[in-house]
Each structure stands twice: as C-alpha cells, then as structure tokens.
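# Fold and contact review
Residues per chain are reported as follows:
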Amino acid sequence: MSLGIQLYSVRDDIGPEALPGTLARLAGYGFTHAEPYDILSDTEGLNAALDAAGLQADTAHAKITELDRDRVLDAAERLGIGTVIVPFVPPASIAERDGVLALADAINAIVPVAADRGIRLGYHNHDFEFAQRIGERTAYDVLVDALDPAVVLELDTYWAAVGGEDVPALLPKLGDRVRYLHVKEDGTNPFDVAEAVGLAGSLELPVVEVVVHEGDVFPLIERNAAFFRGLVRA
C-alpha cells in the first residue's frame, strides 16, 4: 500500500521557491502521495513540483461547497486527483440537525457533477463533529447517514478521538465508507494507531498529518514515515 502526506504538515515550507525541494524531501522519506490543501492558487506549479518529486496526488482538500465548483474540478483533473475532500465547515453550521442535513445536501448535489468527470467527493472530520450531539447521536453519525453512499470518508483518527469517539470501535461501524485515514504517531493518540490502520478494511491510503508543531517539523515527519511504512508493508 502507498503512503500519503497532507501538505498542511509542511505548510511553512511550501512557498513557490521551497515547494519542489520540500516535495523531493518528502519523497525521500518514502511517501508516495501528497495531499494538497490548495489546488487553485498555482495549479501548474504544484503539478510540476509533484511530477519532479515523483509524487502522486490522488486526493486533495478543497472547500468545494463554498468555492467555484468548476474551478476546483478543473484543477483536480489537471492534477490527476480522483477524490476531492471537503476539509472543514464552521462548527456552528452543523450544531443542529437542519445544518447537518443542509451540508449533506450541498455535498450530495455535487456528487453527480464530479462523477461525470471521474472524481469522487469525500469528507474529512475534526473533533466537533463528534463532540456536537444531535439528540442521542453525534453530528458525524447524522451526517454520514445523510450523505450519498458515493461520498467516501477520510477519518481523521486523532481529531475523532479528541471529540470523544472510540476510534477502534468506530471503524468497523463505518465499514467500507472509510477509504482514507489521517494518522500520526507522536505519543498523543489515546488509542493504538496500528490497530486503527488494521481495522480500516477498505483503506486506500493512510495519510500522515502533523498539524501542531513547533520548530523543525521534518524529523517528526520522517519518524512518522518510517513508522507507517512499516505498517502498510506488513
């Protein structure tokens, strides 16, 4: 299996001049894929840097329900991205059932448009989807049920746990909806991250993301690359 890196982890090192060197460095750690979080600002520059580093971009984060839908899909096609993932919505917007259902409707409306271009949609969580309750259920549960089955899930395991979710128990419940995992190993996970990776039976790609860091993030990323390469090759 391949191994991805969310480029937000190296957000301080991907300016126009730094991007090619940073992507080459990540490829040297053993990453095979990069997950961009901005595919619109410089699509051609990103495409050239990915090609030069030998990295693929199968997935990308893009607020497609808020941005120009066609521009996002155009950029995704240019970069060879097969899954565009909604990365974040304001927590207050899904604090009530109507807001959750409105979000699902907005995503679902784009599904056939994207599918006509060979692109899937996905959803990436933070903590609040699990911390916020709709009756007896989490907002995440309600959202997943309301989403078109064609919408895949990128489960951020760390944020789900921060939101109060039992990640190893959740993964079997979500089943083959989970195609991507955001993972990290830095001693802060309240669960066995190796177990979580093993429980994602339909996993297409684990994606390392180190969001909070101070100073030089590359040693931590390199350690994560070695750890997860061992898991995906086992």
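Below: a short report on this structure. Keep in mind it's a predicted model, so treat the numbers as computed, not measured.

## Section: the sheet that holds strand S2 (residues 33–35)
Strands sit in the order S2-S1-S10-S9-S8-S5-S4-S3 across an open sheet of eight strands; the sheet is parallel. A strand with exactly one partner marks an edge of an open sheet, and here the two such strands are S2 and strand S3 (59–61). Each strand axis lies, on average, 25 degrees off the axis of its neighbour in the sheet, ignoring direction. Here strand S1 (residues 4–6) pairs with strand S10 (residues 205–208) via two bridges, running parallel. Among the inter-strand pairings, Ile5 is bridged to a residue of S10, identified as Val208.

## Quick notes on the pattern of salt bridges
The final tally for this structure, using the stated rule, is eight salt bridges. Between Arg78 and Glu44 there is a salt bridge whose closest N-O contact spans 2.9 Å. One end of the pair, Arg78, is in helix H3 (residues 69–79); the other, Glu44, is in helix H2 (residues 43–53), with 34 residues separating them in the sequence. Residue classification places Arg78 among the partly exposed positions, given a relative accessible area of 42%. The salt bridge partner of Asp70 is Arg69, with a shortest N-O separation of 3.6 Å.

## Description of H3
Those residues of H3 that fall on the buried side of the exposure criterion are Val72, Leu73, Ala75, Ala76 and Leu79. All buried residues of H3 lie within an arc of 160 degrees about the axis, which places them on one face of the element. Of the residues that open H3, the one with a side-chain oxygen 3.1 Å from the backbone nitrogen of Asp70 is Asp68. One or two residues past the end of H3 sits Gly80, with phi positive at roughly 75 degrees.

## As for the packing of helix H4 (residues 97–115) against helix H6 (residues 139–146)
The N-to-C vectors of H4 and H6 enclose an angle of 35 degrees; their axes lie 9 Å apart at closest approach. Considering only the axes of H4 and H6, their crossing is right-handed. Residue-level contacts link Arg97, Val100, Leu101, Leu103, Ala104 and Asn108 of H4 to Ala139, Val142, Leu143 and Ala146 of H6. Split by residue class, the contact of H4 with H6 holds eight nonpolar, one polar and one charged.

## Digging into the nonpolar core
Generally speaking, nonpolar side chains in soluble globular proteins are found buried as a group. In this structure, Leu26, Ile39, Tyr123 and Leu155 are the most contacted members of the largest nonpolar core, which totals 76 residues. With seven residues, the top contributor of residues to this core is H4. Apart from residues lying up to four places away in sequence, Ile39 is in contact with Leu46, Ala60, Val72, Ala75, Ala76, Leu79 and Ile81. Membership of the second largest hydrophobic core comes to five residues, among which are Ile85, Val152, Leu205 and Val207.

## Focus: the pairing of strand S5 (residues 120–124)
Here S5 lies mainly inside the structure; four of its five residues are buried. Here strand S4 (residues 83–86) pairs with S5 via four bridges, running parallel. Across the sheet, residue Ile85 finds its bridge partner in S5, namely Gly122. After leaving S4, the chain enters H4 and then returns to the sheet as S5, a path that is right-handed. Relative to strand S8 (residues 152–156), S5 runs parallel, the two being bridged by three bridges. In the strand pairing of S8, His124 is matched with Glu154.

About the cut-offs
Residues numbered from 1 in each chain as written. Predicted model: local features only at pLDDT ≥ 70, side-chain atom pairs only at ≥ 80, totals over all residues. Heavy atoms only, no water. Pairing = 2+ DSSP bridges. Helix = DSSP H or I, 4+ residues; strand = E, 2+ residues; numbered from the N terminus. Axes fitted to C-alpha atoms, helices over the stretch in contact; angles between N-to-C directions. Salt bridge = Lys/Arg side-chain N within 4 Å of Asp/Glu carboxyl O. Buried < 20%, exposed > 50% of the residue type's maximum accessible area, 1.4 Å probe, protein only. Arc of directions from axis to C-beta. Polar contact = N/O pair within 3.5 Å; in protein donor to acceptor, adjacent residues only side chain to side chain. Left-handed = near helix turned anticlockwise from the far one by under 90°. Contact = heavy atoms within 4.5 Å. Nonpolar A, V, L, I, M, F, W, Y, C, P; charged D, E, K, R; others polar. Core = buried A, V, L, I, M, F, W, Y, C linked by side-chain atoms within 4.5 Å. Right-handed = clockwise from strand over helix to strand, strands pointing away.

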